[in-house]
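Examining the three-dimensional arrangement
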There are 2 protein chains.
Amino acid sequence: MEKYVTAAGGRQPKVVGARSLVEAAYATIRHDILDGVLPPGLKLRFEMLRERYGVGASTLREALTRLVGDALVTSEEQRGFRVAEISLDDFADLTRTRKLIEVEALRQSILFGDDAWEGDLVGAFHRLSKVEEKLAEGLPELRDEFEERNRDFHFTLIAACPSRWLKHMHGILFQQSERYRRISLAARVEGRDVHAEHKAVIEAALARDVDLACRLEAEHIEKTLELLSRTLVPSS
Amino acid sequence: MEKYVTAAGGRQPKVVGARSLVEAAYATIRHDILDGVLPPGLKLRFEMLRERYGVGASTLREALTRLVGDALVTSEEQRGFRVAEISLDDFADLTRTRKLIEVEALRQSILFGDDAWEGDLVGAFHRLSKVEEKLAEGLPELRDEFEERNRDFHFTLIAACPSRWLKHMHGILFQQSERYRRISLAARVEGRDVHAEHKAVIEAALARDVDLACRLEAEHIEKTLELLSRTLVPSS
DNA sequence: GAGTCAATTATTTTCGAGATTTTTCGTATT
DNA sequence: AATACGAAAAATCTCGAAAATAATTGACTC
């Protein structure tokens, strides 16, 4: 008789692919933070978390520790955990740093990418385009899927970069920027053709025009910050 | 009656400044990995760890999860934890990535640093020089202190960089490189005047010669890789 | 009223045992 | 000999309760 529902063998694993409760809890809490369900600054009390996510204290603690590593959660010894704060300054800093890393990774990826990489890229772009169409038709329940495919596209762009460390750094920064991107979407920041931006980047990448692709990617990364800045501080 | 010795209030806190057993265990295990006491690839079994570090499984699990965030430990679901592997290729990748980040951070730091920063820098350099002298006299028990002051010096160099994210990325990469640096020291890789390299960097930084300082720092970062490559692959 | 201090309450931190999964090893079968 | 199978052993993963710490309350003093 099983006492608790396991992630792998349980009847309703909350997160597909999760092989342990820690991983499932981690993925769920991360999603809730990125999505704003758990707002910035929120104190993460264990009783609340245990009720909400249905796992024990040690399991939660480990999941939260992983999130601290992602800089999505902060912790103070003996004082518990909080959802990491956000700010426009932080987003500006994040964007500049991400630009430095991602552009360099893209440069190397274009240099080293082979035919298989090109194929992956075309595929990822196509899948992203499809969900963009549906999103444009007004199906906001596809936001999670959009985020997933958008992430896939950007990760595929730099996948051929041979530097594992550069990609590791990129992963951390990209995940962070996902938080702000969702806020940007929620704030209905418009006046932007994301599809066209992606299209321009991939075309330059396939044409092996390194400088153009990097310039376009940099502009693409900067665009969300630009628009969000204007929205939040309209006077500037 | 206390059942176990606490980190803060216990009689013999293993790690100074640790406010919880998780933090103490984390710091101790990290030190042992950086120092090579726990060699690359080692399977980290809980029974062994409990015996060695004297804390419970959940506590260890959390400490190890933090180390996974530092990329000093790897984990595979349901298959436990291992000390992260090292390789010359990884070190080369790490060095290139660190160079990209640290040089940019230094550039900004020199640009934004004020008198107080200059003072901190001179102080950190002095403290480092002192321990370097003692180390040269053949007191290998000062290796931990050398590492600490070396870290302080490099962190102070970029402390005035206003980008928190750039500094965060740097912290991860620098800690990683500490592993290889210690190996390099253990392998008695010599033919190098580290003190002179540091001196050149700080002089250029204080003179606000951004380009020179960045060039020297880049060469300084690359030097360990160069020497270690030659030592491990003498044929090249 | 402001400030201390002790008692109470709330919260975090830790452990050890039990549940689950993986690995090992002996046996049988081809 | 090689493979497949299954029971036993070993290891990981999880929970819930107890211990330790922090925060709150309220009585008391100045």
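What counts and what doesn't
Residues numbered from 1 in each chain as written. Chains lettered and ligands numbered in written order. Predicted model: local features only at pLDDT ≥ 70, side-chain atom pairs only at ≥ 80, totals over all residues. Heavy atoms only, no water. Pairing = 2+ DSSP bridges. Helix = DSSP H or I, 4+ residues; strand = E, 2+ residues; numbered from the N terminus. Least-squares fit on C-alpha atoms with pLDDT ≥ 70 in both. Near = heavy atom within 4 Å. Polar contact = N/O pair within 3.5 Å; in protein donor to acceptor, adjacent residues only side chain to side chain. Domains from an automatic or database assignment. Contact = heavy atoms within 4.5 Å. Buried area = accessible area lost by both parts, 1.4 Å probe. Salt bridge = Lys/Arg side-chain N within 4 Å of Asp/Glu carboxyl O. Nonpolar A, V, L, I, M, F, W, Y, C, P; charged D, E, K, R; others polar. Expected span 1.5 Å × (residues − 1). Buried < 20%, exposed > 50% of the residue type's maximum accessible area, 1.4 Å probe, protein only. Arc of directions from axis to C-beta.

**Notes on the sheet that holds strand β1 (residues 43–44) of chain A**
The strand order across the open sheet formed by three strands is β1-β3-β2 (chain A), and the pairing between neighbours is antiparallel. This sheet does not close on itself; its edge strands, each paired only once, are β1 and β2 (73–76) of chain A.

**Considering the relation of the copies chain A and chain B**
Note: a rotation about an axis with an accompanying shift along it relates these two copies of the chain. By a simple turn and slide, chain A fits onto chain B: the slide is 0.0 Å along the axis, the RMSD is 0.1 Å, and the turn is 180°. The superposition of one copy onto the other is thereby described by a two-fold rotation axis.

**Re the protein's contact with DNA strand C**
Around DNA strand C, 27 residues are found, and the nearest of them are Arg19, Arg61 and Gln78 of chain A together with Leu21 and Thr59 of chain B. Across the atoms of DNA strand C situated within 4 Å of the protein, the share located in sugar and phosphate is 91%. Gln78 of chain A places a main-chain nitrogen or oxygen 2.5 Å from a phosphate oxygen of DNA strand C. Here a phosphate oxygen of DNA strand C and a side-chain polar atom of Arg79 of chain B are 3.1 Å apart.

**Some words on the domain arrangement of chain A**
Residues and elements named next belong to chain A. The assigned domain composition of chain A is domain 1 (21–83) and domain 2 (88–232). The C-alpha-based centres of domain 1 and domain 2 are spaced at 27 Å. Between domain 1 and domain 2, the residue contacts involve 10 residues of the former and seven residues of the latter. Taking both sides of the interface into account, the surface hidden between domain 1 and domain 2 amounts to around 840 Å²; carbon and sulfur atoms contribute 41%. Inspection of the region where domain 1 meets domain 2 yields two salt bridges. In this structure, Arg143 and Asp35 form a salt bridge, with 2.5 Å as the shortest nitrogen-oxygen distance. One can count seven residue pairs in polar contact (both at pLDDT 80 or more) joining domain 1 with domain 2. No other element matches the four residues that helix α1 (residues 21–34) contributes to the side of domain 1 that touches domain 2. Residue composition of the side of domain 1 that touches domain 2, grouped by class: six nonpolar, one polar and three charged.

**Considering helix α8 (residues 194–206) of chain A**
All names here are of chain A. If you check α8, its first and last C-alpha atoms are 18 Å apart, about what 13 residues at 1.5 Å a residue would give, namely 18 Å. Glu197, His198, Val201, Ile202, Ala204 and Ala205 are the residues of α8 that are buried. For α8, the buried positions fall inside an angular range of 160° around the axis, keeping them on one side. Of the surrounding elements, those touching the buried residues of α8 are α4 (88–112), α5 (115–136), α6 (143–157) and α9 (210–232).

**Concerning the pattern of salt bridges**
Inspection of every chain in the model, using the stated rule, returns 40 salt bridges over all chains. Residue Asp90 of chain A is joined to Arg164 of chain B by a salt bridge in which the shortest nitrogen-to-oxygen separation is 3.5 Å. Note that Asp90 of chain A is positioned in helix α4 and Arg164 of chain B in helix α7 (residues 164–186), a pairing that runs across two chains. A relative accessible area of 55% means that Arg164 of chain B is categorised as exposed. Here Glu178 of chain B makes a salt bridge to Arg151 of chain B, at a shortest N to O gap of 3.5 Å. Of this pair, Glu178 of chain B sits in helix α7 while Arg151 of chain B sits in helix α6 (residues 143–157); the two residues are 27 residues apart in sequence, bridging distant segments of the chain. If you follow the salt bridges from partner to partner, you end up with Asp35, Arg143, Asp144, Arg151, Glu178 and Arg182 of chain A in one network.

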